[in-house]
Amino acid sequence: MTELIDLIKRNARVAVLIVVAVVLIVVTFMFYSSSQSAADQKATVDKQLNSARTSLVTAQNQYDVAKLQAQQASLTSTTSFPASFPTVEFGAYLAAAADKYAVEINVVTPKSPAGTETLGGKSYFRYDTVVQVTGTYDAMNSFLLYLEGGPFQTLRIQGATFTPTSGTFTLSMLTLS
């Protein structure tokens, strides 16, 4: 053992250089491994940042206050009971429905207010319009379904009589009195 100590004392510089080299190798390995984990963490954070930005843009488009207010305004602007009988809009709606379902409207006979109806303690004017149409049975049926599902929420179909090629029915609509 003393021989080894004597050898180290004689070659002290070499021993110090070996120790320094080992320490540098260990320190380099530690810095390299920590820089790798930092690069991995940076990549993970960048991916999360991009995901958060995408989610934010989607949420901004979905919950845009101006768009939501415009949609709300369009919903509240159409009342269930119109203030007056919409003759122009109603006629255009009938004509568009007839074109869409290949039904020919032969006669449209609007009547003056046919009377009043009371719903929920309120009185409403009732307007009746007699419509005569021709077409196939399926086309007339689709035409009536389209009319019932349209924008006129108080529209009712009454007194419908049909043959395989023609039909007559009364459209009733309630308006504010």
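You'll find the structure just up there.
Residues numbered from 1 in each chain as written. Predicted model: local features only at pLDDT ≥ 70, side-chain atom pairs only at ≥ 80, totals over all residues. Heavy atoms only, no water.

Enquirer: Describe the overall build of the protein chain, with residues and values.
Expert: On a plain count of helices and strands, the protein chain comes out with five helices and four strands. Going residue by residue from the N terminus, the α and β elements of the protein chain occur as α-α-α-α-β-β-α-β-β. Residues counted as buried form 19% of the 177 residues belonging to the protein chain. In the protein chain, the proportion of contacts linking residues at least 24 apart, taken out of those at least 6 apart, comes to 63%. (Helix = DSSP H or I, 4+ residues; strand = E, 2+ residues; numbered from the N terminus. Buried < 20%, exposed > 50% of the residue type's maximum accessible area, 1.4 Å probe, protein only. Contact = heavy atoms within 4.5 Å.)

Enquirer: Lay out the pattern of salt bridges with the relevant residues and their values.
Expert: A side chain with one charge can pair with a side chain of the opposite charge if their charged atoms come near. Across all of its chains, the model carries four salt bridges by this definition. A salt bridge links Arg126 to Glu117; the nearest nitrogen and oxygen atoms lie 3.6 Å apart. Owing to a relative accessible area of 16%, Glu117 belongs among the buried residues under this scheme. In this structure, the salt-bridge partner of Glu117 is Arg156, at a minimum N-O distance of 2.4 Å. Of this pair, Glu117 sits in strand S1 (residues 104–119) while Arg156 sits in strand S3 (residues 156–162), placing them 39 residues apart in sequence. Each of Glu117, Arg126, Asp128 and Arg156 takes part in salt bridges that share partners, so that together they form one network. (Salt bridge = Lys/Arg side-chain N within 4 Å of Asp/Glu carboxyl O.)

Enquirer: For the nonpolar core, give the residues involved together with the corresponding values.
Expert: Formed by 18 residues in total, the largest nonpolar core has its most connected members in Phe90, Val133, Phe143, Leu147, Leu155, Phe169 and Leu171. Counting residues per element, the ones that place at least two in this core are helix H4 (87–100), strand S2 (122–134), helix H5 (137–148) and strand S4 (166–176). Each residue touching Leu155, except ones within four places of it in the same chain, is listed here: Phe90, Leu147, Leu171, Ser172 and Met173. (Core = buried A, V, L, I, M, F, W, Y, C linked by side-chain atoms within 4.5 Å.)

Enquirer: Can you lay out the packing of H4 against H5 for me, pointing to particular residues and giving the numbers?
Expert: Two numbers describe how H4 lies on H5: the axes approach to 9 Å, and their chain directions differ by 145°. At the point where H4 passes H5, the crossing takes the right-handed sense. Across the interface between the two elements, Tyr93, Leu94, Ala97, Ala98 and Lys100 from H4 touch Phe143, Tyr146 and Leu147 from H5. Considering only residue class, the contact of H4 with H5 consists of seven nonpolar, no polar and one charged. (Axes fitted to C-alpha atoms, helices over the stretch in contact; angles between N-to-C directions. Left-handed = near helix turned anticlockwise from the far one by under 90°. Nonpolar A, V, L, I, M, F, W, Y, C, P; charged D, E, K, R; others polar.)

Enquirer: Break down the packing of aromatic side chains for me, with residues and values.
Expert: Pairs of aromatic rings are described using the distance from one ring centre to the other and the angle between the two planes. This model, assessed by the stated rule, comprises four aromatic pairs. Here the aromatic rings of Tyr93 and Tyr146 are separated by 5.4 Å at their centres, their planes lie at 20°, and the arrangement is stacked. A residue pair is termed long-range when its members are at least 10 positions apart, and Tyr93 in helix H4 and Tyr146 in helix H5 qualify at 53 residues. Given the relative accessible area of 26%, Tyr146 is considered partly exposed. Aromatic ring contacts, followed pair by pair, group Tyr93, Tyr101 and Tyr146 into a single cluster. (Phe/Tyr/Trp six-rings, centres within 6.5 Å; stacked < 30°, edge-to-face > 60°.)

Enquirer: Please give an account of the pairing of S3 that cites residues and values.
Expert: Pairing between S3 and S4: five bridges, direction antiparallel. Within S4, the position partnered with Arg156 by the bridge is Ser172. Taking the residues that link successive antiparallel strands as the turn, the S3-S4 hairpin has three residues. (Pairing = 2+ DSSP bridges.)

Enquirer: Break down a nonpolar patch on the surface for me, with residues and values.
Expert: On the surface, Val14, Ile18, Val22, Val26, Phe29 and Met30 cluster together into a nonpolar patch covering about 590 Å² of accessible area. Looking at the element boundaries, Val26 is found in helix H2 (residues 12–62). (Patch = residues over 30% accessible without salt bridge, like charges linked within 9 Å, V, L, I, M, F, W, Y side chains within 5 Å. Areas by Shrake-Rupley, 256 points an atom, 1.4 Å probe, with all protein chains shown as cover.)

Enquirer: Outline the environment of Thr163, supporting the account with residue identities and numerical values.
Expert: Here Thr163 lies in the loop between S3 and S4. In this structure, the C-alpha to C-alpha distance between Thr163 and Thr136, residues 27 residues apart in sequence, is 9.3 Å. With near-sequence residues (within four places) excluded, Thr163 lies in contact with Tyr137 and Met140.

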